[in-house]
Structure formats: structure tokens, C-alpha cells
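Each chain, written out:
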Amino acid sequence: MAISADYLAGVFRPQNEIRNALRKGRFFWTIEFVASSDHVLNDDLVTVDSFVRALARRPEVAGFSVTDRVHSDDDPDPVMMAKHIRDHAGTQPLVHWSGKDRSITDFESSLEAMSAAKLENMLLLTGDKLKITPVDRRPRYLESVSAIKLAKDNYPDLIIASALNPFKYREEEAMAQYLKLGKKIYAGTDFVITQIGFDIKKFEEALFWMDTRDYRVPMVANVMALTAARSRFIRKNQLAGVTITDSYHEFLQQEAELFPEQAPARVLRRTALLILGLRMLGYSGVQLTAIHTVDQLMTLHKQIDYLAKKCPDRVSWNKAWQESLTLPKAFIANPVPGKAWYMSSHMVNRPSSHAPLKDRIKYRTMKWSHSFLFDQGLGAKVLSGLVKNIQRHSKADKILERIERLIKAPLFGCETCGMCRLAETQYICPETCPKGLANGACGGTNDNTCEFGDRECIHSRKYRIAKDANVLSQLEHWLIPAVPDEARQTSSWPPHFRDEGPDIDKSGMDKPEPDISSDE
Ligand code: SF4
């Protein structure tokens, strides 16, 4: 179905089935479309065409989800790719936009391009780390919280999705995800999409958190048809934030060996079972990953319809799920890592986490110093008098920037971003996060270790400090803006005393402190 001149004349308006399904509370599917620089555009469109026909037959398939730089850092621009797909599919896709190696200015141009192309749905992510890290510069990451707020403030009609990775098995990294979700919702998220996962208890926990915090935002689960080969690829390339346990991985390899013919059908049946389980839990839809053919799509539909009759309730579903993870000789796969942390207390088998003494002392000391030197204290009056009128990038500012870095680099790892946010980030500098994230963790942690593998995630540390200081609500409600490029390498002190520091949006502070006292 080629694009007609009528559309160019604005007569033909593609359906936004994602928005319609959200509004009507109808369970919906989107099909993930990985746009890669390897595939020439025409090939992709031909592939899309066959799917379009399938779409016409299945009302719950709301359209495509067009990824952003999943294969390589040079994949085609998702907005351009989504426009092509929209024009062929006749339905509004979900455009993934990730902030990796992009600035506020880049995002503003993408928003303009979205508007010009009449595209209506966006999934805003910070994104995984660049496949190839530039040697001559530090790549910046526009974080999702700032992007969501920017998009909603300037294009309020856009349907904005944001991401959550509930598949975290340490208290700190798990709570860092859930608390940051609060910020994404306050920034204007219309619906949430989880990371790919295989642990139904974590899918359930995410809904439990939403309910506990009274967040009335639809949740969509990212579901992958996980084959033995795909599991090898993901573990070899360490796809950030996706947990495939040794047990589950081994199970898939054995399954493929024992049942080479039936393995694809067993994988689809497990995928169908998971989708059914998610629908039973109350998820609003699924984003399907690694479904590449119409036949797979149709088989999945038939399987779900069949299993829905066989497993009408959670008990029968649990039994069927367990069976789908069992091989002869009673080899049962466990998609959950050992010593896993879960929010609801009866599942905990780890002591609750607390900040080490040195972090607690540092936090209190810095809080007092900040108040004395930069807030109400005598120090603030003196310092303000000395530096308040120094302008950015002036000669005096260069000297002051060096003094600021001299003092703060050894203390906090300061890189003089020009917009100090230490008072809002538990005195842990966001620049010590390789992605420079201030509002909370990306989805790439593993056992509290940073996606970059060389440190503990700073947001796990921040969580412990905030918990012990009883200020977890700051991690859930304080929206910290992104650093404008032009502020970098200047002193943050003069703007601070001119009230031109970071404009923190605290408007969401209407909820009680989250209670995470699991084993007290
Ligand atoms: S420190 Fe945390 S948030 Fe930053 S890149 Fe590492 S894992 Fe992500």
C-alpha cells in the first residue's frame, strides 16, 4: 500500500491505535521494529508491508515500535524511519528516542521533526552506553526525565512513554528504578514500558509499586520470544539491563538440543503464556520483541486464545508456566537469580541496605556546609558578596571555575558543569555517573554494579544515603533539569547566588515518604 498524494495533502490521517487503546483500556500489542543501518530502507519497508496485512486482521496490534540505535550508533534516525513506517502501515508508530550522545538542542530538533511529520507517540529513554565510546570527548546523555518534561511542556498532545526496569535484584538498584519512575510520571509520562524480562514476580512487583504510590498510569510489558540463540547473543553482548540467569540459559540450550524441531514452538508457547499472565495481572499491553514473521504473530495469537481457556486463573497459570520451564529428567529453569530482593516483605532474604558510616557522615557534613556557605549561613553572605556579579565565561569566571574544581574535584569528582546539583543529589556528583545522570539510575545496573562495569552505580549509593536520611521522596519527586552545554566549564557559584542555579521542580512532593522498611 504506497503512500498517496492525498496524504501529502493532509487528507489521510493515520490512526493512533496506541492512544485509542490506552484511552479505552484495551489490551494492545506493538511490534518492535529495529531500524538498522545494515538494512537498506527498501528492505525494511518490504518486511513492514507483510506485517501491515497482518495488522489489518488483528485489532489488538496497535502498530510498530521503532527503535533508536539498537544495532549500532549509526542506525537510521528513528523519526525518519517512523515516518516511513507510519506512511506504509497507516497507523501511528511509537518512536523510540534515546538521549545517548545527544543534547537538549538535538532533542528540540527531533521534536520539531516529529511535529512536522505529524508523528504522535514517543518513548523517551536515556539509552544504553554507546557501542563505541569516542576517545576525544566525553559523550553526554540527555536523561529521560528532562526529555519527558521538555516534550510535555512544549508538545502537550504528544503521547509520551517512559521506561522502567523492574528486573533488579538488589534493594538499592530496584528502588532506584521505582523512585525514578515517580519523577517520570510527574514529568508527564502517559504510559510506562518495562525492560525485557522473564520473572513474573518482578512484573507483578512493578504493578504493586504503582498501586502503592497511587500512580494511575498504564503499564506495558516488553516481551521477547527468547530462543537459545538469542540468549547466547544477549549474554555475549551483555544487552544492558536484561537478566538471563545461568539456569534459564542452560535450559534453553538443552531444549534446543533435545527438541530441535519443536524448540521454536515451545518458545512461542512460553511467550504466549507470559503475555497471558501479564494480561491477567493487569498490564495494558505488550511490546513484542523478536517477532519477525506474520506466522509467528498468528501462532502467538492462537496460542494465547487457547491457553486463556486452559489457564483461567493464576493457579493454573503458575502450573503451566512451571511446566513450560521444565525439561525431561526434571530440569526446571529458574529465571530468577539467587538471593533475589523483592519489595513485598515476605519475599525478602537479604538484610535491608544502609549507607556506610562514612557516607552518612559526609552527607550530614556537606548538608551543614552547604547551608552555611551557600544558603542562610554567614559564609553565604560573604561568598555571595564576593562572586555574585561574576558573569559566565568571563576572565574572573575562569579563575573561579578553577578554584571551584580545585576544591570540589577531590571531594566529589566535580567536573565544573556550571550548574551544581550536589544539594539535590545527596552530595554525590551526577558527573561521577558515566552518563551524567542526576535524576536516577539508568536501566543498565547489574547487582548494583554500573553498566560500565567499573564502579557501583552512584544511584545505589544515593538511595542508601537518602533512605537513612529519610529523604527518599527527593529521589521520587525532585525533577532536576539537564545541564545546558553552554554552562559547562564555568563556575556554578555566581549563578547560584543570582538564583540562576538549577530550577528544581518539587511540585510532586504531595505523597508520604515511601516505606521500604523490609526487615526492621
Ligand atoms: S552510574 Fe548508574 S546510572 Fe550511571 S551509567 Fe552507571 S549504572 Fe547507569
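Everything here concerns the structure above.
Residues numbered from 1 in each chain as written. Predicted model: local features only at pLDDT ≥ 70, side-chain atom pairs only at ≥ 80, totals over all residues. Heavy atoms only, no water.

Student: Even after reading the chapter, I still don't get the nonpolar core, so can you show me in this structure?
Tutor: Note that soluble globular proteins tend to have their nonpolar side chains buried in a common cluster. Of all hydrophobic cores here, the largest spans 117 residues; its most connected members are Trp29, Phe107, Met122 and Leu288. With eight residues, the top contributor of residues to this core is helix 11 (residues 263-281). With residues up to four places along the chain from it excluded, the contact list for leucine 288 reads Trp29, Thr30, Ile31, Glu32, Val223, Ile275, Leu297 and Leu300. By size, the runner-up hydrophobic cluster in this structure holds 12 residues, among which are Leu22, Leu94, Ala161 and Phe191. (Core = buried A, V, L, I, M, F, W, Y, C linked by side-chain atoms within 4.5 Å. Buried < 20%, exposed > 50% of the residue type's maximum accessible area, 1.4 Å probe, protein only. Helix = DSSP H or I, 4+ residues; strand = E, 2+ residues; numbered from the N terminus. Contact = heavy atoms within 4.5 Å.)

Student: Help me understand the packing of helix 8 (residues 200-212) against helix 11, please; the structure alone is not making it clear to me.
Tutor: Geometrically, a packed helix pair is captured by the angle between its two axes and the distance between the axes. For the pair helix 8 and helix 11, the least separation of the axes is 11 Å and the interaxial angle reads 25°. As the angle between them shows, helix 8 and helix 11 are arranged roughly parallel. Of the two elements, helix 8 crosses helix 11, and the hand of that crossing is right-handed. Of the residues in helix 11, those in contact with Ile200, Phe203, Glu204 and Leu207 of helix 8 are Leu274, Gly277, Leu278 and Leu281. Residue composition of the contact of helix 8 with helix 11, grouped by class: six nonpolar, one polar and one charged. (Axes fitted to C-alpha atoms, helices over the stretch in contact; angles between N-to-C directions. Parallel < 35°, antiparallel > 145°, perpendicular 65-115°, else oblique. Left-handed = near helix turned anticlockwise from the far one by under 90°. Nonpolar A, V, L, I, M, F, W, Y, C, P; charged D, E, K, R; others polar.)

Student: Would you explain the site of the ligand in this entry?
Tutor: In the vicinity of the ligand there are 13 residues, among which Cys433, Cys442, Cys450, Glu451 and Cys457 approach most closely. Among the residues making up the shell around the ligand, the classes are represented as nine nonpolar, two polar and two charged. (Near = heavy atom within 4 Å.)

Student: What is the right way to read unusual backbone geometry from this model?
Tutor: What you tend to see is this: most non-glycine residues have negative phi, and most peptide bonds are trans. You will see that arginine 69, though not glycine, has its phi angle at about 55°, which is positive. Examined against the element boundaries, arginine 69 turns out to sit in the loop between strand 2 (61-66) and helix 4 (78-89). A positive phi angle is found at asparagine 470, which is not glycine, with a value near 55°. Judged by its relative accessible area of 54%, asparagine 470 falls in the exposed class.

Student: How should the sheet that holds strand 6 (residues 191-196) be read in this particular structure?
Tutor: Strands in a sheet are paired, the pairing made by backbone hydrogen bonds, and the direction either parallel or antiparallel. The eight strands lie next to each other as 1-2-3-4-5-6-7-8, forming a closed barrel whose pairing is parallel. Looking at each pair of strands side by side, their axes are set apart by 25° on average, direction ignored. Here strand 5 (residues 159-164) runs beside strand 6; their pairing, made up of four bridges, is parallel. Bridge pairing links serine 162 to valine 192 in strand 6. Seen against the sheet, helix 6 (residues 144-154) touches strand 4 (121-125) and strand 5 and runs at an angle of roughly 150° to strand 4. Relative to strand 5, helix 7 (residues 171-187) is tilted by about 170°, and along the sheet it contacts strand 5 and strand 6. (Pairing = 2+ DSSP bridges.)

Student: Which parts of the structure should I look at to understand the packing of aromatic side chains?
Tutor: What characterises a pair of aromatic rings is the spacing of the ring centres plus the angle enclosed by the ring planes. On inspection of all chains with the given rule, the structure shows 16 aromatic pairs. Judged by centre distance (5.7 Å) and plane angle (85°), the ring pair of phenylalanine 203 and tyrosine 283 falls under edge-to-face. Taken together, the residues phenylalanine 203 in helix 8 and tyrosine 283 in the loop between helix 11 and strand 8 (285-289) connect sequence positions 80 residues apart. Both residues of the pair, phenylalanine 203 and tyrosine 283, belong to the buried class. Measuring from centroid to centroid gives 6.2 Å for tyrosine 248 and phenylalanine 251, while their planes differ by 35°, and the two rings are tilted. Here phenylalanine 251 and tyrosine 248 lie together in helix 10 (residues 246-258), a separation of three residues that amounts to about one turn. (Phe/Tyr/Trp six-rings, centres within 6.5 Å; stacked < 30°, edge-to-face > 60°.)

Student: What am I meant to see in helix 5 (residues 104-116) here?
Tutor: An α-helical segment advances 3.6 residues per turn. Residues three or four places apart therefore align on the same side. Counted at 1.5 Å a residue, the expected span for helix 5 with its 13 residues is 18 Å, and the 18 Å between its end C-alpha atoms agrees. Capping the start of helix 5, serine 103 holds a side-chain oxygen 3.3 Å from the backbone nitrogen of threonine 105, two or three residues further along. Once helix 5 finishes, lysine 118 follows within two positions and takes phi at roughly 55°, a positive value. (Expected span 1.5 Å × (residues − 1). Polar contact = N/O pair within 3.5 Å; in protein donor to acceptor, adjacent residues only side chain to side chain.)

Student: I keep staring at the packing of helix 14 (residues 357-375) against helix 15 (residues 378-387) and nothing clicks. Help me out?
Tutor: The N-to-C vectors of helix 14 and helix 15 enclose an angle of 45°; their axes lie 5 Å apart at closest approach. In terms of orientation, helix 14 lies oblique with respect to helix 15. Contacts between helix 14 and helix 15 involve Phe372, Leu373, Phe374 and Asp375 from the former and Leu378, Gly379, Ala380 and Leu383 from the latter.

Student: Looking at this model, I keep getting lost on the environment of glycine 379. Mind explaining?
Tutor: Inspection of the secondary structure puts glycine 379 in helix 15. Note: C-alpha distance between glycine 379 and serine 369 (10 residues apart in sequence) is 9.0 Å.

Student: Explanation requested: the pairing of strand 5 in the structure shown.
Tutor: Consecutive side chains along a regular strand alternate between the two faces of the sheet. Of all six residues that make up strand 5, five are buried, and the element is covered over most of its length. One ladder, built from four bridges, connects strand 4 with strand 5; its direction is parallel. If you follow leucine 124 over to strand 5, its bridge partner there is serine 162. Running through helix 6, the crossover from strand 4 to the neighbouring parallel element strand 5 is right-handed. Each parallel crossover has a hand, and the one from strand 5 via helix 7 to strand 6 is right-handed. (Right-handed = clockwise from strand over helix to strand, strands pointing away.)

Student: Is there a simple way to think about the pattern of salt bridges in this case?
Tutor: If charged atoms from side chains of opposite charge come close, those side chains can pair. Here the structure, examined in full by the defined rule, presents 38 salt bridges. Here lysine 467 makes a salt bridge to glutamate 171, at a shortest N to O gap of 2.7 Å. You can see lysine 467 sitting in helix 17 (residues 458-468) and its partner glutamate 171 sitting in helix 7, a full 296 residues away along the chain. A salt bridge links arginine 235 to aspartate 246; its shortest N-O distance comes to 3.0 Å. Pair noted here: arginine 235 is in helix 9 (residues 228-237) and aspartate 246 is in helix 10, with a separation of 11 residues, a long-range link. Taking relative accessible area as the criterion, arginine 235 reaches 32% and is therefore assigned partly exposed. Accessibility expressed as a relative area gives 57% for aspartate 246, which makes it exposed. If you follow the salt bridges from partner to partner, you end up with Arg138, Arg140, Glu415, Arg421, Glu431 and Arg488 in one network. (Salt bridge = Lys/Arg side-chain N within 4 Å of Asp/Glu carboxyl O.)

Student: How do you make sense of the environment of glycine 443 when you look at a structure like this?
Tutor: You can see glycine 443 is positioned in the loop between helix 16 (395-412) and helix 17. A sequence separation of 280 residues divides glycine 443 from alanine 163, and the C-alpha atoms of the two residues are 8.5 Å apart. Sequence-distant contacts of glycine 443, defined by excluding residues within four places in its chain, comprise Asn165, Lys168, Gln177, Ala240 and Gly241.

Remember that the coordinates give geometry; whether it matters functionally is a separate question.
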